[in-house]
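Overview (structure and organization)
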Amino acid sequence: KTKKIFLSIFVVVIGAGLLYWFVALKSTNESKTIPSFAKGTLKIGAVIPLTGDGAAYGLPIQRAASLAVNEINLAGGIKGQPMEIIWEDGKCDAKEATSVARKLVSVDGVKVILGGVCSSETLAMAPVTESDKIIVLSPSSTSPDITTAGDFIFRTVPSDALAGRVAAEYASKKLSAKKVAIFSETKDYTQGLRRIFKEVFTGLGGSVVADEVYNTGDTNFRSQLIKIKAANPDVLYFLPQAPASGVLIFKQLKDLGLKMKILTAEILIGRDVVKEQGRSMEGLVGIEQYFDEQSERAQKFLKTYKETYSEVPPFPAFMANMYSQVYLVKEALEQFGQDTGKMRDYFLGLKAWEGALGKLTFDQNGDPLSSYAVKKIEGGKLVDVEVYTP
(Lines give C-alpha, C1' and ligand atoms only; values in the text may rest on other atoms or scores of the structure.)
Protein backbone atom coordinates (compact mmCIF):
# COMPACT_ATOMS: atom_id res chain seq x y z
CA LYS A 1 0.00 0.00 0.00
CA THR A 2 2.91 2.37 0.87
CA LYS A 3 4.59 1.56 -2.47
CA LYS A 4 1.39 2.44 -4.32
CA ILE A 5 1.18 5.80 -2.52
CA PHE A 6 4.84 6.55 -3.36
CA LEU A 7 4.26 5.52 -6.97
CA SER A 8 1.21 7.79 -7.22
CA ILE A 9 3.12 10.73 -5.76
CA PHE A 10 6.03 10.03 -8.13
CA VAL A 11 3.71 10.00 -11.17
CA VAL A 12 2.07 13.27 -10.06
CA VAL A 13 5.42 14.99 -9.49
CA ILE A 14 6.84 13.82 -12.84
CA GLY A 15 3.63 14.83 -14.62
CA ALA A 16 3.68 18.28 -13.03
CA GLY A 17 7.33 18.68 -13.98
CA LEU A 18 6.68 17.72 -17.57
CA LEU A 19 3.71 20.10 -17.75
CA TYR A 20 5.81 22.95 -16.31
CA TRP A 21 8.59 22.21 -18.81
CA PHE A 22 6.11 22.17 -21.73
CA VAL A 23 4.49 25.47 -20.69
CA ALA A 24 7.87 27.12 -20.13
CA LEU A 25 9.15 25.94 -23.51
CA LYS A 26 5.97 27.12 -25.27
CA SER A 27 6.25 30.50 -23.55
CA THR A 28 9.90 30.79 -24.58
CA ASN A 29 9.10 29.98 -28.20
CA GLU A 30 6.22 32.47 -28.29
CA SER A 31 8.44 35.18 -26.82
CA LYS A 32 10.73 34.71 -29.81
CA THR A 33 7.88 35.41 -32.21
CA ILE A 34 5.53 37.76 -30.38
CA PRO A 35 7.20 40.35 -28.16
CA SER A 36 5.66 41.45 -24.89
CA PHE A 37 4.35 45.01 -25.23
CA ALA A 38 4.08 47.28 -22.23
CA LYS A 39 1.85 49.85 -23.93
CA GLY A 40 -1.54 49.70 -25.58
CA THR A 41 -2.20 48.97 -29.23
CA LEU A 42 -1.68 51.73 -31.80
CA LYS A 43 -4.63 51.47 -34.17
CA ILE A 44 -5.03 52.64 -37.74
CA GLY A 45 -7.99 52.04 -40.03
CA ALA A 46 -8.39 50.44 -43.45
CA VAL A 47 -11.28 50.56 -45.91
CA ILE A 48 -11.09 47.96 -48.67
CA PRO A 49 -13.48 45.58 -50.48
CA LEU A 50 -13.56 42.38 -48.42
CA THR A 51 -16.70 41.03 -50.11
CA GLY A 52 -18.20 41.25 -53.60
CA ASP A 53 -16.34 41.28 -56.91
CA GLY A 54 -13.80 43.81 -55.60
CA ALA A 55 -12.59 41.30 -53.02
CA ALA A 56 -10.63 39.67 -55.85
CA TYR A 57 -8.01 42.37 -55.35
CA GLY A 58 -9.12 43.64 -51.93
CA LEU A 59 -8.23 40.45 -50.08
CA PRO A 60 -4.69 40.10 -51.54
CA ILE A 61 -4.09 43.77 -50.70
CA GLN A 62 -5.30 43.08 -47.15
CA ARG A 63 -2.89 40.15 -46.84
CA ALA A 64 0.00 42.34 -47.98
CA ALA A 65 -0.79 44.88 -45.25
CA SER A 66 -1.17 42.18 -42.61
CA LEU A 67 2.24 40.82 -43.59
CA ALA A 68 3.82 44.23 -42.95
CA VAL A 69 2.01 44.67 -39.62
CA ASN A 70 3.21 41.26 -38.42
CA GLU A 71 6.79 42.09 -39.38
CA ILE A 72 6.63 45.44 -37.61
CA ASN A 73 5.19 43.92 -34.44
CA LEU A 74 7.76 41.11 -34.41
CA ALA A 75 10.45 43.81 -34.52
CA GLY A 76 8.99 45.60 -31.48
CA GLY A 77 6.14 47.62 -32.91
CA ILE A 78 6.13 51.41 -33.00
CA LYS A 79 8.25 52.60 -30.09
CA GLY A 80 7.04 49.69 -28.02
CA GLN A 81 3.42 49.82 -29.15
CA PRO A 82 1.99 47.04 -31.32
CA MET A 83 0.34 48.18 -34.54
CA GLU A 84 -3.18 47.03 -35.32
CA ILE A 85 -5.32 47.62 -38.38
CA ILE A 86 -9.09 47.90 -37.95
CA TRP A 87 -10.43 46.44 -41.18
CA GLU A 88 -13.67 47.74 -42.67
CA ASP A 89 -15.43 46.44 -45.78
CA GLY A 90 -15.94 49.30 -48.24
CA LYS A 91 -17.36 46.89 -50.87
CA CYS A 92 -16.18 49.21 -53.67
CA ASP A 93 -19.30 51.22 -52.82
CA ALA A 94 -19.48 54.92 -51.98
CA LYS A 95 -22.29 54.58 -49.43
CA GLU A 96 -20.61 51.73 -47.57
CA ALA A 97 -17.25 53.52 -47.56
CA THR A 98 -18.80 56.69 -46.13
CA SER A 99 -20.45 54.72 -43.35
CA VAL A 100 -17.37 52.75 -42.27
CA ALA A 101 -15.13 55.83 -42.53
CA ARG A 102 -17.41 57.67 -40.09
CA LYS A 103 -17.19 54.70 -37.75
CA LEU A 104 -13.39 54.59 -37.92
CA VAL A 105 -13.08 58.32 -37.22
CA SER A 106 -15.85 58.84 -34.65
CA VAL A 107 -15.91 55.52 -32.79
CA ASP A 108 -12.41 54.06 -33.20
CA GLY A 109 -10.64 57.43 -33.21
CA VAL A 110 -8.08 56.51 -35.86
CA LYS A 111 -5.86 59.21 -37.39
CA VAL A 112 -4.76 57.22 -40.44
CA ILE A 113 -6.86 55.19 -42.89
CA LEU A 114 -5.31 52.90 -45.50
CA GLY A 115 -7.50 52.81 -48.61
CA GLY A 116 -9.77 52.92 -50.27
CA VAL A 117 -8.83 50.32 -52.77
CA CYS A 118 -11.54 51.40 -55.22
CA SER A 119 -11.76 55.05 -56.29
CA SER A 120 -15.42 55.15 -55.24
CA GLU A 121 -14.36 54.30 -51.68
CA THR A 122 -11.64 56.94 -51.50
CA LEU A 123 -13.75 59.72 -53.02
CA ALA A 124 -16.62 58.93 -50.66
CA MET A 125 -14.38 58.98 -47.59
CA ALA A 126 -12.74 62.30 -48.41
CA PRO A 127 -15.48 64.64 -47.06
CA VAL A 128 -15.58 62.62 -43.82
CA THR A 129 -11.81 62.45 -43.26
CA GLU A 130 -10.79 65.92 -44.45
CA SER A 131 -12.87 67.73 -41.83
CA ASP A 132 -11.00 65.90 -39.07
CA LYS A 133 -7.61 66.03 -40.80
CA ILE A 134 -7.36 62.26 -41.09
CA ILE A 135 -4.58 60.91 -43.31
CA VAL A 136 -5.95 58.72 -46.12
CA LEU A 137 -3.40 56.69 -48.06
CA SER A 138 -4.63 54.57 -50.99
CA PRO A 139 -2.65 51.81 -52.72
CA SER A 140 -4.86 51.53 -55.80
CA SER A 141 -7.46 54.31 -56.27
CA THR A 142 -6.72 55.88 -59.64
CA SER A 143 -9.58 58.31 -60.39
CA PRO A 144 -8.31 61.74 -61.54
CA ASP A 145 -10.77 63.33 -59.10
CA ILE A 146 -8.70 62.07 -56.16
CA THR A 147 -5.92 64.51 -57.07
CA THR A 148 -8.02 67.39 -55.73
CA ALA A 149 -10.06 65.44 -53.15
CA GLY A 150 -8.28 66.94 -50.14
CA ASP A 151 -5.06 68.05 -48.47
CA PHE A 152 -4.78 64.84 -46.42
CA ILE A 153 -5.50 62.41 -49.28
CA PHE A 154 -2.48 60.53 -50.66
CA ARG A 155 -2.04 57.54 -52.94
CA THR A 156 0.87 55.41 -54.08
CA VAL A 157 -0.74 54.53 -57.41
CA PRO A 158 -0.68 57.09 -60.25
CA SER A 159 -3.81 58.85 -61.48
CA ASP A 160 -5.85 57.66 -64.43
CA ALA A 161 -5.03 61.06 -65.90
CA LEU A 162 -1.66 59.47 -66.64
CA ALA A 163 -2.80 55.88 -67.19
CA GLY A 164 -5.50 56.95 -69.66
CA ARG A 165 -2.97 59.08 -71.53
CA VAL A 166 -0.51 56.19 -71.74
CA ALA A 167 -3.24 53.88 -73.07
CA ALA A 168 -4.36 56.43 -75.68
CA GLU A 169 -0.82 57.11 -76.86
CA TYR A 170 -0.06 53.39 -77.02
CA ALA A 171 -3.22 52.69 -79.05
CA SER A 172 -2.43 55.52 -81.47
CA LYS A 173 1.33 55.21 -81.84
CA LYS A 174 2.12 51.56 -81.14
CA LEU A 175 -1.07 49.81 -82.27
CA SER A 176 -1.59 52.27 -85.19
CA ALA A 177 -5.26 52.67 -84.31
CA LYS A 178 -7.33 55.25 -86.17
CA LYS A 179 -10.69 54.15 -84.79
CA VAL A 180 -11.34 52.86 -81.27
CA ALA A 181 -14.32 51.61 -79.30
CA ILE A 182 -14.59 51.93 -75.52
CA PHE A 183 -16.53 49.52 -73.30
CA SER A 184 -16.51 50.46 -69.60
CA GLU A 185 -18.26 49.75 -66.31
CA THR A 186 -20.06 52.67 -64.65
CA LYS A 187 -17.64 53.13 -61.74
CA ASP A 188 -15.37 56.04 -60.75
CA TYR A 189 -12.20 54.11 -61.60
CA THR A 190 -13.25 52.99 -65.06
CA GLN A 191 -15.00 56.23 -66.01
CA GLY A 192 -11.90 58.22 -65.12
CA LEU A 193 -9.83 56.09 -67.49
CA ARG A 194 -12.51 56.30 -70.18
CA ARG A 195 -12.71 60.10 -70.02
CA ILE A 196 -8.96 60.70 -70.26
CA PHE A 197 -8.41 58.06 -72.93
CA LYS A 198 -11.14 59.57 -75.08
CA GLU A 199 -9.77 63.11 -74.75
CA VAL A 200 -6.19 62.14 -75.54
CA PHE A 201 -6.97 59.72 -78.37
CA THR A 202 -9.16 62.21 -80.23
CA GLY A 203 -6.52 64.88 -79.59
CA LEU A 204 -4.05 62.66 -81.42
CA GLY A 205 -6.31 62.63 -84.47
CA GLY A 206 -8.16 59.38 -83.82
CA SER A 207 -11.91 58.86 -83.56
CA VAL A 208 -14.05 57.04 -81.00
CA VAL A 209 -16.58 55.10 -83.08
CA ALA A 210 -18.39 53.44 -80.16
CA ASP A 211 -18.59 54.32 -76.48
CA GLU A 212 -20.61 51.73 -74.55
CA VAL A 213 -21.09 51.26 -70.79
CA TYR A 214 -22.56 48.62 -68.50
CA ASN A 215 -23.68 48.55 -64.86
CA THR A 216 -22.22 46.47 -62.05
CA GLY A 217 -24.17 43.22 -61.80
CA ASP A 218 -25.12 43.04 -65.49
CA THR A 219 -24.62 39.63 -67.08
CA ASN A 220 -25.82 40.06 -70.67
CA PHE A 221 -23.73 42.40 -72.83
CA ARG A 222 -24.84 41.28 -76.28
CA SER A 223 -26.48 44.56 -77.34
CA GLN A 224 -23.40 46.67 -76.51
CA LEU A 225 -21.03 44.20 -78.14
CA ILE A 226 -23.10 44.08 -81.33
CA LYS A 227 -22.86 47.89 -81.57
CA ILE A 228 -19.10 47.70 -81.08
CA LYS A 229 -18.78 45.01 -83.73
CA ALA A 230 -20.82 47.07 -86.21
CA ALA A 231 -18.56 50.11 -85.61
CA ASN A 232 -15.55 48.01 -86.75
CA PRO A 233 -12.87 49.66 -84.57
CA ASP A 234 -9.15 48.98 -84.85
CA VAL A 235 -8.83 48.69 -81.07
CA LEU A 236 -11.26 48.08 -78.21
CA TYR A 237 -10.37 49.80 -74.93
CA PHE A 238 -12.02 47.51 -72.37
CA LEU A 239 -12.47 48.65 -68.75
CA PRO A 240 -14.08 46.38 -66.14
CA GLN A 241 -14.04 47.26 -62.42
CA ALA A 242 -13.40 43.67 -61.32
CA PRO A 243 -12.16 40.46 -62.98
CA ALA A 244 -15.48 38.57 -62.81
CA SER A 245 -17.42 40.82 -65.19
CA GLY A 246 -14.33 41.29 -67.36
CA VAL A 247 -13.87 37.55 -67.93
CA LEU A 248 -17.59 37.11 -68.65
CA ILE A 249 -17.59 39.94 -71.21
CA PHE A 250 -14.43 38.63 -72.85
CA LYS A 251 -16.11 35.27 -73.44
CA GLN A 252 -19.22 36.91 -74.93
CA LEU A 253 -16.98 39.12 -77.06
CA LYS A 254 -15.22 36.07 -78.51
CA ASP A 255 -18.53 34.24 -79.04
CA LEU A 256 -19.68 37.14 -81.25
CA GLY A 257 -16.51 36.91 -83.31
CA LEU A 258 -14.98 40.27 -82.39
CA LYS A 259 -11.37 40.06 -83.55
CA MET A 260 -10.00 43.59 -83.08
CA LYS A 261 -7.00 44.29 -80.82
CA ILE A 262 -8.02 44.71 -77.18
CA LEU A 263 -6.36 47.09 -74.73
CA THR A 264 -7.15 47.14 -71.00
CA ALA A 265 -5.96 48.38 -67.61
CA GLU A 266 -4.55 46.34 -64.72
CA ILE A 267 -7.60 44.32 -63.62
CA LEU A 268 -7.64 41.70 -66.38
CA ILE A 269 -3.89 41.14 -66.24
CA GLY A 270 -3.97 40.15 -62.57
CA ARG A 271 -1.64 37.18 -62.26
CA ASP A 272 -4.31 34.81 -60.99
CA VAL A 273 -6.69 35.94 -63.76
CA VAL A 274 -4.05 35.26 -66.42
CA LYS A 275 -3.21 31.91 -64.87
CA GLU A 276 -6.85 30.80 -65.04
CA GLN A 277 -8.04 32.58 -68.18
CA GLY A 278 -4.89 33.39 -70.14
CA ARG A 279 -5.55 30.98 -73.01
CA SER A 280 -8.98 32.49 -73.66
CA MET A 281 -7.60 36.06 -73.54
CA GLU A 282 -4.70 35.56 -75.93
CA GLY A 283 -3.34 38.81 -77.36
CA LEU A 284 -4.83 41.08 -74.66
CA VAL A 285 -2.58 44.08 -73.94
CA GLY A 286 -2.73 45.56 -70.43
CA ILE A 287 -1.21 48.68 -68.91
CA GLU A 288 -0.42 48.87 -65.19
CA GLN A 289 1.73 50.84 -62.79
CA TYR A 290 5.38 49.90 -63.28
CA PHE A 291 6.72 47.75 -60.49
CA ASP A 292 10.30 46.50 -60.52
CA GLU A 293 9.76 42.96 -59.31
CA GLN A 294 13.51 42.24 -59.47
CA SER A 295 14.57 44.86 -56.90
CA GLU A 296 15.87 43.56 -53.58
CA ARG A 297 12.98 44.92 -51.51
CA ALA A 298 10.37 43.72 -54.00
CA GLN A 299 11.91 40.25 -54.16
CA LYS A 300 11.86 39.97 -50.37
CA PHE A 301 8.20 41.02 -50.22
CA LEU A 302 7.11 38.72 -53.04
CA LYS A 303 9.02 35.75 -51.61
CA THR A 304 7.68 36.26 -48.08
CA TYR A 305 4.12 36.73 -49.33
CA LYS A 306 4.25 33.54 -51.39
CA GLU A 307 5.69 31.54 -48.48
CA THR A 308 3.16 32.96 -46.02
CA TYR A 309 -0.01 32.66 -48.07
CA SER A 310 0.95 29.88 -50.54
CA GLU A 311 -0.01 31.95 -53.58
CA VAL A 312 1.69 34.12 -56.17
CA PRO A 313 0.74 37.80 -55.56
CA PRO A 314 -2.05 38.37 -58.12
CA PHE A 315 -1.78 42.19 -58.24
CA PRO A 316 1.86 42.75 -57.28
CA ALA A 317 2.02 46.53 -57.81
CA PHE A 318 -1.10 47.28 -55.73
CA MET A 319 0.04 44.82 -53.07
CA ALA A 320 3.58 46.20 -52.90
CA ASN A 321 2.01 49.65 -52.56
CA MET A 322 -0.07 48.59 -49.55
CA TYR A 323 2.80 46.69 -47.94
CA SER A 324 5.06 49.73 -48.34
CA GLN A 325 2.38 52.13 -47.10
CA VAL A 326 2.26 50.34 -43.74
CA TYR A 327 6.00 50.91 -43.32
CA LEU A 328 5.66 54.52 -44.43
CA VAL A 329 2.95 55.12 -41.83
CA LYS A 330 5.14 53.41 -39.22
CA GLU A 331 7.97 55.86 -39.93
CA ALA A 332 5.64 58.84 -39.74
CA LEU A 333 4.06 57.68 -36.47
CA GLU A 334 7.49 57.12 -34.92
CA GLN A 335 8.58 60.65 -35.83
CA PHE A 336 5.40 62.67 -35.29
CA GLY A 337 3.06 60.57 -33.17
CA GLN A 338 -0.48 61.15 -34.37
CA ASP A 339 0.04 64.75 -35.45
CA THR A 340 -1.50 64.39 -38.89
CA GLY A 341 -0.49 67.89 -39.97
CA LYS A 342 3.17 67.01 -39.55
CA MET A 343 2.60 63.63 -41.17
CA ARG A 344 1.06 65.34 -44.21
CA ASP A 345 4.03 67.69 -44.53
CA TYR A 346 6.41 64.76 -44.15
CA PHE A 347 4.75 62.85 -46.99
CA LEU A 348 4.77 65.88 -49.27
CA GLY A 349 8.48 66.31 -48.63
CA LEU A 350 9.46 62.73 -49.45
CA LYS A 351 12.10 62.30 -52.15
CA ALA A 352 12.74 58.80 -53.48
CA TRP A 353 11.61 57.05 -50.28
CA GLU A 354 12.36 53.36 -50.77
CA GLY A 355 9.96 50.51 -50.19
CA ALA A 356 8.89 47.31 -51.92
CA LEU A 357 7.00 49.53 -54.39
CA GLY A 358 10.27 51.15 -55.48
CA LYS A 359 11.24 54.80 -54.93
CA LEU A 360 8.36 57.04 -53.86
CA THR A 361 8.05 60.79 -54.34
CA PHE A 362 4.71 62.58 -53.97
CA ASP A 363 3.82 65.66 -55.99
CA GLN A 364 2.09 68.68 -54.40
CA ASN A 365 -1.30 66.93 -54.65
CA GLY A 366 -0.27 63.70 -52.94
CA ASP A 367 0.02 61.76 -56.21
CA PRO A 368 3.13 59.65 -56.91
CA LEU A 369 5.50 60.16 -59.81
CA SER A 370 5.42 56.86 -61.68
CA SER A 371 6.03 54.95 -64.88
CA TYR A 372 3.89 52.26 -66.51
CA ALA A 373 4.43 48.70 -67.65
CA VAL A 374 2.86 47.48 -70.88
CA LYS A 375 2.22 43.72 -70.79
CA LYS A 376 0.65 41.24 -73.20
CA ILE A 377 -0.82 37.76 -72.92
CA GLU A 378 1.09 35.44 -75.23
CA GLY A 379 0.84 31.66 -75.13
CA GLY A 380 -1.44 31.97 -72.13
CA LYS A 381 1.23 33.82 -70.14
CA LEU A 382 1.87 37.46 -69.30
CA VAL A 383 4.98 38.90 -70.95
CA ASP A 384 6.64 42.30 -70.71
CA VAL A 385 6.35 44.59 -73.72
CA GLU A 386 7.89 47.85 -72.54
CA VAL A 387 8.15 50.39 -69.72
CA TYR A 388 6.53 53.71 -70.56
CA THR A 389 7.25 56.97 -68.72
CA PRO A 390 4.76 59.78 -69.41
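Keep in mind that what you see is a predicted model, and the values were worked out from it rather than measured. The residue numbers shown here count from 1 along each chain, following its written sequence. At least 70 in pLDDT is required for a residue's local features to be given in this predicted model, at least 80 for side-chain atom pairs to be given and counted, and no such filter applies to totals for whole chains, interfaces and linings, which use all residues. With hydrogens and water excluded, all non-hydrogen atoms of the structure serve as input to the side-chain values.

Notes on unusual backbone geometry
Definition in use: Secondary structure is summarised from DSSP: a helix means a run of H or I of at least four residues, a strand means a run of E of at least two, and numbering begins at the N terminus for each.
Cis geometry is found at the peptide bond from Gly-115 to Gly-116, where omega equals -10 degrees. The topology assignment puts Gly-116 in the loop between strand S3 (112-115) and helix H4 (119-130). A positive phi angle, close to 55 degrees, is found at Ser-176, a residue other than glycine. Position of Ser-176 relative to the elements: it lies in the loop between helix H5 (160-174) and strand S6 (179-185). A positive phi angle, near 55 degrees, is found at Asn-232, a position not held by glycine. Structurally, Asn-232 is set in the loop between helix H7 (222-231) and strand S8 (235-239).

Some points on H4
Test applied: Between the first and last residue of a helix there are one fewer steps than residues, each counted as 1.5 Å, and that sum is the expected span. The cut-offs for exposure are 20% and 50% of the maximum accessible area for each residue type, with area from a 1.4 Å probe on protein chains only; residues under the lower value are buried, those over the upper are exposed, and the others partly exposed. In what follows, residue pairs with any heavy atoms lying within 4.5 Å of each other are defined as contacts.
Compared with an ideal rise of 1.5 Å per residue, which puts twelve residues at 16 Å, H4 spans 16 Å between its outermost C-alpha atoms and is within 8% of the ideal. Of all the twelve residues making up H4, nine are buried; the element is thus mostly covered by neighbouring parts of the structure. What H4 keeps buried is the set Ser-119, Ser-120, Glu-121, Thr-122, Ala-124, Met-125, Ala-126, Val-128 and Thr-129. Those residues of H4 hidden inside the fold are in contact with strand S1 (42-48), helix H3 (94-106), S3, strand S4 (135-138), strand S5 (153-155) and helix H6 (188-203).

So, the environment of Thr-361
Test applied: Any pair of nitrogen or oxygen atoms within 3.5 Å is treated as a polar contact; in protein, a donor-acceptor pairing is required on top of that, and neighbouring residues in sequence qualify only through side-chain atoms on both sides.
Relative to the helices and strands, Thr-361 resides in the loop between strand S12 (358-360) and strand S13 (372-378). Residues Thr-361 and Lys-351, spaced ten residues apart in sequence, show a C-alpha to C-alpha distance of 4.8 Å. Setting aside its immediate chain neighbours within four residues, Thr-361 contacts Leu-350, Lys-351, Ala-352, Asp-367, Pro-368 and Leu-369. There is a polar contact of 2.7 Å between the side chain of Thr-361 and the backbone nitrogen of Ala-352.

Comments concerning the nonpolar core
The condition is simple: For the purposes of this section, nonpolar cores are sets of buried Ala, Val, Leu, Ile, Met, Phe, Trp, Tyr and Cys residues that join through side-chain atoms within 4.5 Å.
In this structure, Ile-44, Leu-114, Phe-197, Leu-263, Phe-301, Leu-328 and Phe-347 are the most contacted members of the largest nonpolar core, which totals 79 residues. For this core, the element with the highest residue contribution is helix H11 (residues 316-336), accounting for eleven residues. Dropping the residues within four chain positions of it, Leu-328 is found in contact with Leu-137, Tyr-346, Phe-347, Leu-350, Trp-353, Leu-360 and Phe-362.

What about the pattern of salt bridges?
Worth spelling out the cut-off: Salt bridge, as applied in this entry: a Lys or Arg side-chain nitrogen positioned within 4 Å of an Asp or Glu carboxyl oxygen.
The tally for this structure, following the rule as stated, stands at 18 salt bridges. The partner of Glu-311 in a salt bridge is Arg-63, with the nearest N and O atoms 3.0 Å apart. Of the two residues, Glu-311 is situated in the loop between helix H10 (296-309) and H11 and Arg-63 in helix H2 (residues 55-74); the sequence distance between them amounts to 248 residues. The partner of Asp-384 in a salt bridge is Lys-375, with the nearest N and O atoms 2.3 Å apart. On the accessibility criterion, Asp-384 (62% relative accessible area) is exposed. Classification of Lys-375 as buried rests on a relative accessible area of 10%.

A look at the sheet that holds S5
As a reminder of what qualifies: In this scheme, strands are said to pair when DSSP sees at least two bridges between them. A fitted line through C-alpha atoms serves as each axis, taken over the contacting stretch for helices, and the angle formed by two N-to-C directions is quoted from 0 to 180°.
On the basis of which strands lie adjacent, the open sheet formed by five strands has the order S2-S1-S3-S4-S5 and parallel pairing. The open sheet has two edge strands, strand S2 (83-89) and S5, and neither has a second partner. Geometrically, the sheet is characterised by an average inter-axis angle of 25 degrees between neighbouring strands, direction not taken into account. In this structure, S1 lies alongside S2, joined through seven bridges in parallel fashion. Pairing of Lys-43 across the sheet is with Glu-84, part of S2. Along the sheet, H2 contacts S1 and S2; its crossing angle with S2, the most-contacted strand, is approximately 165 degrees.

Thoughts on the pairing of S3
The pairing of S1 with S3 spans three bridges and is parallel. Bridge pairing in S3 links Val-47 to Gly-115. The pairing of S3 with S4 spans three bridges and is parallel. Across the sheet, the residue bridging to Ile-113 is Val-136, located in S4.

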